Amino acid sequence: MSTYYAGLLADIGILTLGALSVFVILATNQLSLGNAGFMAIGSYLSSFLTVEMQWPLTGAIVVAALAASITGIVVGFPALRLKGIYLAIATLGFGEMVRSFFLVFTPMGGAGGYHGMHHVALGTIWIWTAGILLAILLLERSHVWLQMRAVHEDETAAGLVGLNTTLIKVGAFGLGAAIAAVAGALFAHHHVYIEPGNFGFERSIDFVLAVILGGSTVGIGSLAGAAVLVLLPEWLRFIADWRLAAFGALLIIVLLTRRQGLLDRPLLARLTFRSARA
Amino acid sequence: MSAPSPDTLLRLDGVSRRFGGVRALSDISMTVERGRIVGVIGPNGAGKTTLFNLITGAYRADAGAIVFDDHDVTAWPAHRIIRAGLARTFQNIRLFAGMTVWEHLLVTQRPGGHVLRGLVPLGWSNPAVTARAEHVLKFFGLEAYRNVLARTLPYGIQRKVDMARALASGPKLLLLDEPVAGMNHDEAEDLRKLLLRLNEEGLSILLIEHDMAFVMNLCHELYVLDFGVRIAAGDPAAIRRDPVVLDAYLGSEAC
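Residues numbered from 1 in each chain as written. Chains lettered and ligands numbered in written order. Predicted model: local features only at pLDDT ≥ 70, side-chain atom pairs only at ≥ 80, totals over all residues.

Draft legend 1. View of the overall build of chain A. When its secondary structure is counted, chain A shows 13 helices and 2 strands. Since a compact globule built from 278 residues should have a radius of gyration of about 19 Å, the 19 Å found for chain A is in line with a globular shape. Considered along the principal axes of its C-alpha atoms, chain A spans approximately 55 × 45 × 30 Å. Split into buried and exposed, the 278 residues of chain A put 50% on the buried side. (Helix = DSSP H or I, 4+ residues; strand = E, 2+ residues; numbered from the N terminus. Rg over C-alpha atoms; globule rule 2.2 N^0.38 Å. Buried ≥ 20, exposed ≤ 12 C-beta atoms within 10 Å, placed from the backbone.)

Draft legend 2. Inspection of the nonpolar core at higher detail. One finds Ile179(A), Ala181(A) and Val182(A) to be the most contacted residues of the largest nonpolar core, which totals 157 residues. At 16 residues, the largest contribution of residues to this core is made by helix H8 (residues 165–191) of chain A. Here this core gathers at least three residues from each of two domains, domain 1 (1–85 + 172–255) and domain 2 (94–170) of chain B. Sequence-distant contacts of Val182(A), defined by excluding residues within four places in its chain, comprise Leu17(A), Gly42(A), Ile61(A), Ala65(A), Trp128(A) and Ile132(A). (Core = buried A, V, L, I, M, F, W, Y, C linked by C-beta atoms within 7 Å. Domains from an automatic or database assignment. Contact = placed C-beta atoms within 7 Å.)

Draft legend 3. Representation of the interface of chain B and chain A within the structure. Contact with chain B, which involves 28 residues of that partner, is made by 20 residues of chain A. Every element with two or more residues in the side of chain B that touches chain A is listed here: helix H2 (78–83), helix H3 (101–107) and helix H6 (155–168) of chain B. Examining the composition of the side of chain B that touches chain A, we find that 4 residues originate from one element, H2(B), more than from any other. Each residue belonging to the side of chain B that touches chain A can be placed in one class, and the counts come to 16 nonpolar, 7 polar and 5 charged. (Nonpolar A, V, L, I, M, F, W, Y, C, P; charged D, E, K, R; others polar.)

Draft legend 4. Here's a closer look at helix H11 (residues 243–257) of chain A. Taking 1.5 Å per residue, 15 residues should reach 21 Å; H11(A) reaches 21 Å between its end C-alpha atoms and fits that length. Buried residues are scarce in H11(A), accounting for 0 of its 15 residues. (Expected span 1.5 Å × (residues − 1).)

Draft legend 5. Here's a closer look at the domain arrangement of chain B. Residue and element names in this part refer to chain B. Parsing chain B into structural domains produces domain 1 (1–85 + 172–255) and domain 2 (94–170). Placing a centre on the C-alpha atoms of domain 1 and another on those of domain 2 gives a separation of 26 Å. Each side of the interface is counted separately: domain 1 has 5 residues, and domain 2 has 6 residues. Considered class by class, the residues forming the side of domain 1 that touches domain 2 number 2 nonpolar, 1 polar and 2 charged.

Draft legend 6. Representation of the packing of helix H2 (residues 35–51) of chain A against helix H4 (residues 84–104) of chain A. Residue and element names in this part refer to chain A. For the pair H2 and H4, interaxial distance at closest approach is 7 Å and the crossing angle is 30°. When the axis of H2 is compared with that of H4, the two are roughly parallel. Two secondary-structure elements touch here, H2 through Ala36, Gly37, Ala40, Ile41 and Tyr44 and H4 through Phe94, Gly95, Met97, Val98, Arg99 and Phe102. Across the contact of H2 with H4, the residue classes tally to 8 nonpolar, 2 polar and 1 charged. (Axes fitted to C-alpha atoms, helices over the stretch in contact; angles between N-to-C directions. Parallel < 35°, antiparallel > 145°, perpendicular 65-115°, else oblique.)

Draft legend 7. Here's a closer look at the sheet that holds strand S10 (residues 229–234) of chain B. Residue and element names in this part refer to chain B. Spatially, S6-S7-S8-S3-S9-S10 is the arrangement adopted by the 6 strands of the open sheet, whose pairing is mixed. The sheet is open, and its two edges are formed by strand S6 (86–88) and S10, each paired on a single side. Each neighbouring strand pair of the sheet contributes to a mean axis angle of 15°, computed without reference to strand direction. Two strands pair when backbone bridges link them, and strand S7 (residues 173–177) and strand S8 (residues 204–208) are joined in this way by 5 bridges, in the parallel orientation. Looking across to S8, one finds that Leu176 is bridged to Leu207. The sheet strands contacting helix H1 (residues 48–55) are strand S3 (37–41), S6, S7, S8 and strand S9 (221–226), and the helix crosses S7 at an angle near 150°. (Pairing = 2+ DSSP bridges.)

Draft legend 8. Up close: unusual backbone geometry. With a phi close to 65°, Asn29(A) is a non-glycine residue in the positive phi region. Mapping Asn29(A) onto the fold places it in the loop between helix H1 (3–26) and H2. The class of Asn29(A) is partly exposed, set by 18 C-beta atoms lying within 10 Å. At Asp27(B), a position not held by glycine, the phi torsion is positive, near 50°. Position of Asp27(B) among the secondary structure elements: in strand S2 (residues 22–33).

Draft legend 9. Quick look at the environment of His152(A). Residues and elements named next belong to chain A. Inspection of the secondary structure assignment puts His152 in helix H6 (residues 143–153). Assessed through the 21 C-beta atoms surrounding it within 10 Å, His152 is described here as buried. Taking the C-alpha atoms as reference, His152 lies 10 Å from Ile168; in sequence the two are 16 residues apart.

Draft legend 10. Just helix H5 (residues 127–139) of chain B, in detail. All names here are of chain B. Taking 1.5 Å per residue, 13 residues should reach 18 Å; H5 reaches 18 Å between its end C-alpha atoms and fits that length. All of the buried residues in H5 are Val129, Ala133, Val136 and Leu137. For H5, the angular spread of buried residues about the axis comes to 105°, placing them on one side. Facing away from the buried surface of H5 by more than 90 degrees, the exposed residues are Pro127, Ala128, Ala131 and Lys138. Count one or two residues on from H5 and you reach Gly141, which has phi positive near 60°. (Arc of directions from axis to C-beta.)

Written out as structure tokens, the structure reads:
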């Protein structure tokens, strides 16, 4: 495989995880525009553990994911009081807060960035991506997922029929943050150099875009969205300077014609012939 | 005020609730004995739905105590009260629009065993959950609608799903908020038979209703509210003759 395609595949894997981190939070009807912040925490903490503490990467990823998860839960509690656009703005503020923190946090390089990580190859990235994607696909068939969807549909009614909406919403934030942190750790150890600018607002938007484009109601949509988002601008290179404009136009067309994204439940059912049984 | 008894499933002792300057409920005391069907009636604005919201933990009582199944649930959050064995339906049927009927019957159940069981695919974790959903689906005759999204269901079926969802959680007490609203006579009669069947199986029922004929033919005991105050209590025959009730609610033509 050429370095070019290996690079693209690595980007797809990391973006898939980023998209999944938004997906699980969105599944409870909460829109997070701050997941790059959780990604930054995962990135910096795992790099610190592997470089300064000489930890193995796997251990560093697990600890970084747990730490981000706790942060996510802490963020999730005030998020309970916010809905829709207000929550989106608050999480955006959180993301910028984390980025600004690493900008002035000189022990980890500050604005100059941080390096010294050992490069991980495509295989490692995709083992993590595939593993987490599989776990999400299984989670989608679980009882907890039904509860999350109920909260998404009607939070008040969900509470009144006996679901613990607080636990479900905060838990979703914790899980999303952990997945974003894994994406961050893999990003840091693939690029072997990180700086606060890697975890800006655009990164969070990319995650949301991948989910919306690929299909926000099914986990596999995150993979589809990430692939399109990474590959399409590349395939449009032949139109040179116009490619980003063309990319934007294509996005609008997709959203106008398929608001639910490229993949959704009825489409997946048709693809897997599950509707025939039903 | 009634004395505590092992047969008492739900007891309210002097429960009050005000909204701003409005006294929605004042000093309400009532009991539901195990295995009984109890009705709450009263004109619009009498505080019936507020009463339901207090019992299910959606609102907090300003004063008084609510005891359910020997637990003081006055300060419990809604999900905990409902987990203790209470389930409700909604006056305006609040289904989960994008979920199928089958999913409604699964979601209110509590998969037993370890917490992590909730995280693995349903088929692997707990056959009892799907078996119960299957039983409730059949009981309500909803088999044909199993994989239909709630938002596309006809009104009458939505009412059934609302009740089926409540029953799937395996309650000791079922709270029904105007169950026959919008139903014609035959549908109401079907529902009455269905509730009697559930009651025979041991389910206690507390319902709010406007439809007098329905309440009189179903309930063992009635409470009458007016302007947030309990004005009468007793069996249907006594309520029908109670002059206070006639004056406040039924009107002379109901005699």
